[in-house]
Amino acid sequence: MTSLRIALAELRSHPTRPLAVVVAVAISVAFMVASVAVVQTEFHASGTAMTRQLADSDLVVEEYTAPAADVLTAIGDVPGVATVEPSYRFGARVSAGERSTTATVGTVGADPRLHPAVLAEGRWPSAPDEVTVDAAAVDVLGVAPGAQLVLDAGSGKRPATVVGRTETVAGLFGGGNVELYAAPAWFDAVGGAGGVAGTYLVLAEPGTDPATLVEPLRQAVADVVPDAESGSVDVRTTAEVRAENASSALEGADLMTVLLMVFASIAMLVGALIIANTFTIVLAQRRRQIGLLRAVGGSAGQLRTGLLAEAAVIGLVGALVGVAVGIGVTAVVAAWSGSIETGLQVSVPGTVGPVLAGVTVTVLASLAAVGRAAATSPMEALRPVATPEQGRRATVLRVVVCGLLALLGTGLAAVALNSRAVGLGGELVLAVAIAGAAALSVAVLGAAPLYVPVLVRGVGVLNRVFGPVGRMTTAQMGRNPARTAATCVALMLAVGVTVTLQTGAATTERTLIGDIAERFPVDFSLTRDDGADIPLETVEELRAVDGIERVMTLPAGRADVGGGYLSTVYGVEPGAADAFLPEPLPTLDDRTVVLSPREGLRAGDEVTLTTAAPDGSEGDGASATFTAVISHAAHGNALLTEQAFTELFGGSNSAGLWLDADPRADAARVVADVSSVLGSGYLDVGVYQQSAEFAQLLDAMVLIATGLLGAAVLISLVGVGNTLALSVIERTRESALLRALGLQRRQLRLMLLLEALSLAVVSAVVGVLAGGFLGWLGASALMGAVGQEEAVLAISWPSTLGVVAVAVAAAALASVLPGRRAATAPPVAALAVE
Amino acid sequence: MSTATRPVPPDAPTTTVVASALDLSKVYGSGDTAVRAVDGVSVNIHRGTFTAIMGPSGSGKSTLMHCLAGLDRTTGGKVFLAGQELSALDDRRLTRVRRDQVGFVFQSFNLLPTLTARENMLLPLDLAGRRPDPDHLREVVDALGLADRLGHRPSELSGGQQQRVAIARALLTRPAVVFADEPTGALDSATAEEVLGLLRGSVDRLGQTVVMVTHDAHAASFADRVLVMGDGRLVDDLDRPAPDQLLAATTATGRAGASSRRTGGRGEQARHTLDEVGA
Ligand SMILES: Nc1ncnc2c1ncn2[C@@H]1O[C@H](COP(=O)(O)OP(=O)(O)OP(=O)(O)O)[C@@H](O)[C@H]1O
Ligand SMILES: [Mg+2]
């Protein structure tokens, strides 16, 4: 208890010294709490949205084979059933003028108790040509009640009038999907007689327990379905369905939570480094005090208990702050996504777990420093620094261990990078790469005290520009290499992980897109789906699109190219086509056809082409036989000479269109511009759009992951600020002496700024180099595992430089407060400090 | 204690005032707890003189010196140094005055542990972006016997050597005034003698102006003039006092036992200083 009292007294007298620990713990705990709570809240909201469709029904019947009319009659005849309505959900293509999107069309029946959504304006549809839209549809299609839509649910286009707008389902995962509602009559019209609804909502008579209706309903429905299908009838009470939805939503939430916990662990790891460093510095500053405690009879055990208690208290304070911040963040996210309406989901394990983790990590991270402090003899504690002998032994050990790890890591990485040559395949490549990356990471981070001082001296050469201030900064940083290294390691780790991820994604993207581009060399390869010629003005408009370099129309048709493959056939002029292809078209004459590689097709095979109608249905069936030439130039189509095309199809046309885009153009914009020129009715077998979308998806993922790793970067910057702040306290007298001798305030601030910048630059450089290599290693292994060719190294410079810039700028910011503290102290007051 | 009489140049320029205080006062704290550390002191310091400030502990010697040197702000009155009124200067200009016009020698912790002796010596010039005059540098370094110690760090120097480096640093900028607060407080008597001789020499040979705070009557006997403080006021102003004169002046204002208490205190500080320097 004495130990705890001393610990608390220490905290009371210097409450700000462990501030960095509190902040680091708070950020990681807040991250964890918010991850769990946000995911649970959002999944709860989408689970609620799912059940919203069941409205106030008592039972849900599912049956996917029998005609809706039969099932409805069967259910309605069961005693105790008050009302039954079908609940269709159809996918449909919806267009309003030029704009179109895919949407889900749900059913809204007559009984208000079974309405699947809440009406925001207008009325519910009743006629077969009426629908409601939601906010997402309003966004995408730009329509309001009264507007005309065209819906195509797979059985032809039919017009519909918008009669109302429903409230949008809230939530992060609920938005974006366009939901329309139509009366059952619309589904009858679309599905025709014998249409299947699949789901039926049942209301029981008042006073009837829904559970008692389950068996009778199953019997009744089973009677109207073919015998073979009677087992597929599913009847459950709505309460049951709700519970199942909720628990499956939670399963989804669990998966996502695990993923977020990976990022949280990285943040926690960086936090642990900062905490360990902070304790080392704080306890070094208290060396004399600890020595005194030992001298007056405190045992090492008592000291250790006291210091660990102190660590636990600090960790607990940080964790509690973190819980508050985490819940706050969750509330903000939920308010933004709208899920707050269905309630914040803050679970006890989701809060207590992170708190325990925070306290445990704090105590564990403090162990080394506490052990060192408690074990020192009273005499040693009063002496200045560790004896050089100890220092040298530690260094030798470090060199040996890190050297061995580096060798091991390099070897494993070499094996993973040359998996083909070594004959390694599948998951084994990944395992080897991961082991190699782990060994290299530990070696790089562990060896930091060896090379960081050297790098700092290197950066110090740049500092010289700032004259004596720069030189003094470099000397200052050389004074405590262990501390400088520890601070760098935290920042290095944060930057390194982020850059690993960015480089890995960029390399994957470049490799896969390179592969796609090889297999689909023509950016846009289009035909009209009605087989008509491309209008001349369309060609002219496309030529004018910014980023489109070449436009060519060419004969196009559809044909079976053997083996049941239906494909677009182009008649090409070898000279003209070459401009669109990375390499000249292989030998093509009137007796050959160029086809993309496919299973079971060899060059020189005889292939019979049978013409088909533009929509793919059977055409006039003319056919001819050609010798196959295999090349990616066909990009999934069949290429003939114009002459051969004319003979096969009995005439030429200009229904095909090839576009070549500038590789430097903004892909998303080019796609948008081209689509707006073309409108609907075109079939694109080029790959430009897919590549653009794929790249966009990867970019978005990297952006999200970078954001999530931001927590780790933030914590490491807290570490930089903390190291500076603590060393400012240590150097109070030195600062005062310098000020007395004529160092200006801004020069003193500059010294700390340079110190922070040097730390950040050294960490960022090592982090970027190591992260870049590890990212490439990871991507190469991944490519090797999925059987891709050689990975092409790509660094996503904007995001990588962004991380570096953030690290350097924030480090500069971190020096502001300590700098102010050092500079505002009057020289006399500071000189008096003992 | 015997003091050798020092030759004073007959034409010493005692007429030019380089630093002066006019009704200077400094109050710490406010209300009931206010301490008048310096209470209406007026004094002129002439160029090329060696002035000692004596007085019992807590009498305001250090405070007076800090105010005269621009290390601390005054509460009342005016301070002039090298033709400028210090209380009218902002921090930036005050710092520049300290850098260019003032040299300091403190009792301990005079040097930056990360810099070599030479770098420490040149620090104020460095900060000012000035190059040292090589002749002047050699002259000072030779006079202080530091020629073979220039590459050493403070932790590799003895206490006396450290004080000599501090004196060299103070002299190199050719400041208007060198201020020293108990510069021999942490030294043994032989080394102290040496340091005092060096300060005296800078006045005699270089025409330097020196103001030194001391408790030691022997140290004060190196000075041309001794100001005696008591309770924040100037109680005596002695011109080249004889030893017995000095003793009388200090015992009159000092309390009995103060001197012996301080001796113990200083011994403790001395050890502490060595720790500090070793770190
Ligand atoms: N920062 C401060 N805050 C409050 N009071 C102070 C401060 N510095 C000095 N004092 C008070 O001012 C008075 C004069 O202090 P000063 O340090 O000038 O004395 P001194 O003559 O140099 O004493 P010593 O011989 O012990 O060094 C003392 O009473 C002291 O307690
Ligand atoms: Mg004093």
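Conventions and cut-offs
Residues numbered from 1 in each chain as written. Chains lettered and ligands numbered in written order. Predicted model: local features only at pLDDT ≥ 70, side-chain atom pairs only at ≥ 80, totals over all residues. Heavy atoms only, no water. 1 Å grid on protein atoms, 1.4 Å probe; cavity = no way out; pocket = protein on both sides within 12 Å on 5 of 7 lines; lining within 4 Å. Points joined across faces, edges and corners; volume = space filled by probe spheres on them. Helix = DSSP H or I, 4+ residues; strand = E, 2+ residues; numbered from the N terminus. Nonpolar A, V, L, I, M, F, W, Y, C, P; charged D, E, K, R; others polar. Salt bridge = Lys/Arg side-chain N within 4 Å of Asp/Glu carboxyl O. pLDDT = per-residue confidence, 0-100. Contact = heavy atoms within 4.5 Å. Pairing = 2+ DSSP bridges. Axes fitted to C-alpha atoms, helices over the stretch in contact; angles between N-to-C directions. Buried < 20%, exposed > 50% of the residue type's maximum accessible area, 1.4 Å probe, protein only. Phe/Tyr/Trp six-rings, centres within 6.5 Å; stacked < 30°, edge-to-face > 60°.

**Notes on empty space enclosed by the protein**
Unoccupied space between atoms shows up once a probe the size of one water molecule is rolled over them. Residues and elements named next belong to chain A. Here the structure, examined in full by the defined rule, presents seven cavities of 30 Å³ or more. Each pocket or cavity is described by its volume, and for the largest cavity that value is around 110 Å³. Along the walls of the largest cavity sit 13 residues, with Gln476, Arg731, Ser735, Leu738 and Met751 positioned nearest its centre. Elements with a minimum of two residues in the lining of the largest cavity: α16 (467-479), α23 (732-740) and α24 (745-785). A per-class count over the lining of the largest cavity returns eight nonpolar, three polar and two charged.

**Describing the pattern of salt bridges**
All names here are of chain A. For the coordinates displayed, the defined rule picks out 25 salt bridges over all chains. With a shortest N-O distance of 3.1 Å, arginine 218 and glutamate 215 are connected by a salt bridge. Here arginine 218 and its partner glutamate 215 are both found in helix α6 (residues 210-224), three residues apart, which amounts to about one turn of the helix. If you follow the salt bridges from partner to partner, you end up with Glu62, Asp234, Arg236 and Glu244 in one network.

**Details of the confidence of the model for chain B**
All names here are of chain B. Across chain B, pLDDT averages 80, with 84% of residues at or above 70. Within chain B, the element-level pLDDT minimum falls on helix α9 (residues 258-278), averaging 33, and the maximum on strand β8 (residues 210-213), averaging 94. Confidence drops under pLDDT 50 across residues 1-14; counting only partners more than four residues distant or on other chains, this segment forms 13 contacts. Scored below 50 in pLDDT, residues 254-279 shows 25 contacts in the model against residues more than four places distant or in partner chains. Confidence metrics for the complex model read pTM 0.66 and ipTM 0.74.

**Digging into the sheet that holds strand β9 (residues 225-230) of chain B**
Note on sheets: strands pair through backbone hydrogen bonds, and any given pair is parallel or antiparallel. Residues and elements named next belong to chain B. Strand order in the open sheet formed by six strands is β6-β7-β8-β3-β9-β10, with mixed pairing between adjacent strands. The two strands at the open ends of the sheet, each matched to only one other strand, are β6 (102-105) and β10 (233-239). The average angle at which neighbouring strand axes cross in this sheet is 20°, direction not considered. With six bridges connecting them, β9 and β10 associate as antiparallel partners. Residue pairing in the sheet places arginine 225 in a bridge with aspartate 239 of β10. Contacting β6 and β7 (177-181), helix α5 (residues 159-172) crosses the sheet at an angle of about 175° to β6. Strands in contact with helix α6 (residues 189-206) are β3 (50-54) and β8; relative to β8, the strand with the most contacts, it is inclined by about 155°.

**Description of the side chain of serine 596 of chain A**
Residue and element names in this part refer to chain A. Relative to the elements of secondary structure, serine 596 occurs in the loop between β16 (592-595) and β17 (606-612). Overall, serine 596 belongs to the buried group, its relative accessible area being 15%. Serine 596 has contacts with Leu601, Ile630, Ser631, His632, Ala634, His635, Gly636 and Asn637, leaving out every residue within four places of it along the chain.

**Quick notes on the sheet that holds strand β1 (residues 59-63) of chain A**
Residues and elements named next belong to chain A. A sheet is described by the order of its strands in space; here four strands give the open sequence β2-β10-β1-β11, paired in antiparallel fashion. With partners counted over all chains shown, the strands left at the sheet margins are β2 (81-87) and β11 (234-237), one partner each. Neighbour to neighbour, the strand axes of the sheet diverge by 20° on average, direction disregarded. Where β1 and β11 come together, four bridges link them in antiparallel fashion. In the strand pairing of β11, valine 60 is matched with arginine 236.

**Remarks on the pairing of strand β12 (residues 524-528) of chain A**
Regular strands have side chains that alternate between both faces of the sheet. Residues and elements named next belong to chain A. With four of five residues buried, β12 lies mostly within the body of the structure. The sheet contact formed by β12 and strand β20 (residues 656-661) spans four bridges and is antiparallel. Bridged to threonine 527 within β20 is glycine 656.

**Some words on the side chain of glutamate 179 of chain A**
With respect to the helices and strands, glutamate 179 of chain A occurs in strand β9 (residues 179-182). What glutamate 179 of chain A contacts, discounting residues up to four positions off in sequence, is Gln53, Arg89, Thr104, Thr132, Val133 and Asp134 of chain A.

**A few points about the confidence of the model for chain A**
It should be kept in mind that the predicted coordinates are not to be read in detail where pLDDT is low. Residues and elements named next belong to chain A. Summarising the model, chain A shows a mean pLDDT of 80, and 91% of its residues fall at 70 or more. Per-element confidence in chain A is highest for strand β6 (residues 130-133), whose mean pLDDT is 90, and lowest for helix α11 (residues 378-382), whose mean pLDDT is 56. Across residues 384-390 the pLDDT falls below 50, and counting only partners more than four positions away or on other chains, this stretch makes two contacts in the model.

**Thoughts on the packing of aromatic side chains**
Any pair of aromatic rings gets described here by the distance separating the centres and the angle formed by the planes. Residues and elements named next belong to chain A. Applying the stated criterion across every chain, the model contains eleven aromatic pairs over all chains. Their ring planes at 70° and their centres at 5.9 Å tell us that phenylalanine 580 and tryptophan 658 sit as a pair that is edge-to-face. Residue phenylalanine 580 is found in the loop between α19 (574-578) and β16, and its partner tryptophan 658 is found in strand β20; the two are separated by 78 residues along the sequence. Of the two residues, phenylalanine 580 and tryptophan 658, both sit in the buried class. Members of the aromatic cluster, joined through ring pairs, are Tyr88, Phe90, Trp186 and Phe187.

**Focus: the pairing of β3 of chain B**
Residue and element names in this part refer to chain B. For β3, the tally of buried residues reaches five of five residues, placing the bulk of the element in the interior. Taking every second residue as pointing to the same face, both faces of β3 are buried, with Phe50, Ala52 and Met54 on one and Thr51 and Ile53 on the other. In this sheet, β8 lies alongside β3 in parallel orientation, the contact comprising four bridges. Looking at β8, one finds that phenylalanine 50 is bridged to valine 210.

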